[in-house]
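In case you want the letters, here they are:
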Amino acid sequence: MARRKAPQKRCQGALNDSSDSKNDEQSAGEATGRSHCQARRQKMAVHKKRYLKFVVFLLPVVLAGVYSGTSLPVWTMRAKAQREDLTWASAAEKKMLRNLHTFLTEHTQNLHLLLEEVAQLGVEISSLKKERQELNQAALELASEIYVGRSDWALKSSGATIDMQRTSKTYDCKENWVCRVLWFFRTPNPPDTILQPDVSPENCWPLQGHQGQVVIRLPARVHLTAVSVQHIYKEVSPSGTVTSAPRDIAVFGVNADREEETLLGMFVYNVEKEAIQTFLLKDTHRAFSHIKLIVESNWGNTAYTCIYRVQVHGKMAKPENLN
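Computed from a predicted structure; not experimentally measured.

Caption draft 1: Looking closely at the overall build of the protein chain. Across its full length, the protein chain holds 3 helices and 9 strands. Moving toward the C terminus, one meets the helices and strands of the protein chain in the order α-α-β-α-β-β-β-β-β-β-β-β. Put simply, the protein chain has 323 residues, and 28% of those count as buried. Per element, the accessible surface of the protein chain, about 22900 Å² overall, is 59% carbon and sulfur.

Okay, here's the thing in structure tokens:
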């Protein structure tokens, strides 16, 4: 400041000196001095403006520096806290992402397993549906076989008859006077009684003695599968006993054309069980036109053996097997 004001004073002194000696000295360098002073004044004005601009520009910087100097620790602490918060948040986010990735991986694996199980279940369901259809078909076939196989081929109304020449005699009670008195008003039931469905008490065929046989002529050639023998229960027997019921029975298939007999089975009729009992026969893959039942013993009656009904089960032979 002092240096910049000194030229101004020198210029002013030169003006004063020039004023005092204005009358004495009139020289050509006076105008030049004045011009020089004016130029210096203009230059000083320009420097003042630049100085003011610099001060105006520097003042905010200084104030900002002062403010920064006082608030820098706060900003540093805040930045550090924010950095720590960001670090914690980043770690938590990474952990959450890892957990999410693990969760998604496990559930994806479980989903694949479930999809495989669903596919396997679909295959099993399809297999079960197929098996059910096969079982239904087999059940229908079995029911048809049972219905056909259990049809009664020894039914008089269907054409079955008794071969009297090879059948045992009917019981004759002439030797027993009590029997003659009781049977005076009635005749003994014939052998074809066993071919009819009426099994009311005393409506049986009494064969002579405790042993005997009956040969049934079937209405067609039949592949025999079973035979049913029926008696009455003890509770409904007029005598109160069932000693006349057959016990040991043998069954034969008979080919009348060649007089050939084939043993199909031997059975025991148990009076303690059901009144009608069915016995399965041996499969010989042959069809027979006759069936023969041999009663080898009964349950204690030595005079006669009562048979209420005989049913023959099987399948009719195909036309190509008829001959």
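Back to the text.
Caption draft 2: View of the environment of Ala 154. In this fold, Ala 154 is placed in the loop between α2 (29–149) and β1 (161–162). Those residues within four positions of Ala 154 in sequence are excluded, and the remaining contacts are Ala 160, Leu 195, Ile 216, Val 310, Gln 311 and Val 312.

Caption draft 3: Structural view of the pattern of salt bridges. Per the counting criterion, the structure on display carries 5 salt bridges. As a salt-bridge pair, Arg 166 and Asp 163 come within 2.9 Å of each other at their nearest N and O atoms. Given a relative accessible area of 7%, Asp 163 falls into the buried group. A salt bridge links Glu 261 to Lys 292; the nearest nitrogen and oxygen atoms lie 2.7 Å apart. Taken together, the residues span a long stretch of sequence, with Glu 261 in strand β5 (residues 260–268) and Lys 292 in strand β7 (residues 288–298) at a distance of 31 residues.

Caption draft 4: How the structure looks around the confidence of the model for the protein chain. Taken over all residues, the pLDDT of the protein chain has a mean of 80, while the share at 70 or more is 76%. Here residues 1–19 is a poorly scored stretch, pLDDT under 50, and it has 7 contacts once near neighbours within four places are set aside; other chains count.

Caption draft 5: Layout of the packing of aromatic side chains. The final tally for this structure, using the stated rule, is 2 aromatic pairs. Each ring, one from Phe 267 and one from Phe 279, has its centre 4.9 Å from the other, and the planes form 20°; the classification is stacked. Taken together, the residues span a long stretch of sequence, with Phe 267 in strand β5 and Phe 279 in strand β6 (residues 276–280) at a distance of 12 residues. Across this residue pair, the class does not change: Phe 267 and Phe 279 are buried. The cationic tip of Arg 247 hangs over the ring face of Trp 299; the distance from NZ or CZ to the ring centre is 4.2 Å. Across from the ring centre of Phe 252, 5.6 Å away, lies the NZ or CZ of Lys 292, which sits over that ring.

Caption draft 6: Highlighting the environment of Trp 153. Note that Trp 153 resides in the loop between α2 and β1. With relative accessibility at 16%, the residue Trp 153 sits in the buried group. For the pair Trp 153 and Ala 220, spaced 67 residues apart in the sequence, the C-alpha separation amounts to 8.1 Å. In terms of polar contacts, Trp 153 uses its side chain to reach the backbone carbonyl oxygen of Gly 314, at 2.9 Å.

Caption draft 7: A look at unusual backbone geometry. Non-glycine residue Glu 202 carries a positive phi angle of around 75°. Mapped onto the elements, Glu 202 comes out in the loop between α3 (177–182) and β2 (205–208). The class of Glu 202 is partly exposed, set by a relative accessible area of 41%. Phi at His 285 takes a positive value of approximately 60°, unusual for a residue other than glycine. For His 285, the position within the fold is in the loop between β6 and β7.

Caption draft 8: Spotlight on the side chain of Asn 189. As for its position among the elements, Asn 189 is in the loop between α3 and β2. Only 3.2 Å separates the side chain of Asn 189 from the backbone oxygen of Glu 202, close enough to count as a polar contact. Polar side-chain contacts of Asn 189 include one of 2.8 Å to the backbone oxygen of Cys 204. The residues touching Asn 189, leaving out its near neighbours within four places in the chain, are Thr 170, Glu 202, Asn 203, Cys 204, Trp 205 and Pro 206.

Caption draft 9: A nonpolar patch on the surface, seen in detail. Together, Tyr 51, Leu 52, Phe 54, Val 55 and Leu 58 give the surface a local cluster of nonpolar side chains, amounting to about 480 Å² of exposed area. Within the element layout of this structure, Leu 58 appears in helix α2. Taking relative accessible area as the criterion, Leu 58 reaches 34% and is therefore assigned partly exposed.

Caption draft 10: Representation of the pairing of strand β4 (residues 246–255) within the structure. For β4, a buried count of 8 out of 10 residues is recorded, marking the element as mostly surrounded by other parts of the structure. Here 8 bridges tie β4 to β7, and the two strands are oriented antiparallel to one another. The residue bridging Val 251 from the neighbouring strand is Leu 293, located in β7. Of the strand pairs in this sheet, β4 and β5 are connected by 8 bridges, and their pairing is antiparallel. What sits directly across from Val 254, in β5, is Glu 261.

Calculation rules
Residues numbered from 1 in each chain as written. Predicted model: local features only at pLDDT ≥ 70, side-chain atom pairs only at ≥ 80, totals over all residues. Heavy atoms only, no water. Helix = DSSP H or I, 4+ residues; strand = E, 2+ residues; numbered from the N terminus. Buried < 20%, exposed > 50% of the residue type's maximum accessible area, 1.4 Å probe, protein only. Areas by Shrake-Rupley, 256 points an atom, 1.4 Å probe, with all protein chains shown as cover. Contact = heavy atoms within 4.5 Å. Salt bridge = Lys/Arg side-chain N within 4 Å of Asp/Glu carboxyl O. pLDDT = per-residue confidence, 0-100. Phe/Tyr/Trp six-rings, centres within 6.5 Å; stacked < 30°, edge-to-face > 60°. Lys NZ or Arg CZ within 6 Å of the ring centre and 35° of its normal. Polar contact = N/O pair within 3.5 Å; in protein donor to acceptor, adjacent residues only side chain to side chain. Patch = residues over 30% accessible without salt bridge, like charges linked within 9 Å, V, L, I, M, F, W, Y side chains within 5 Å. Pairing = 2+ DSSP bridges.

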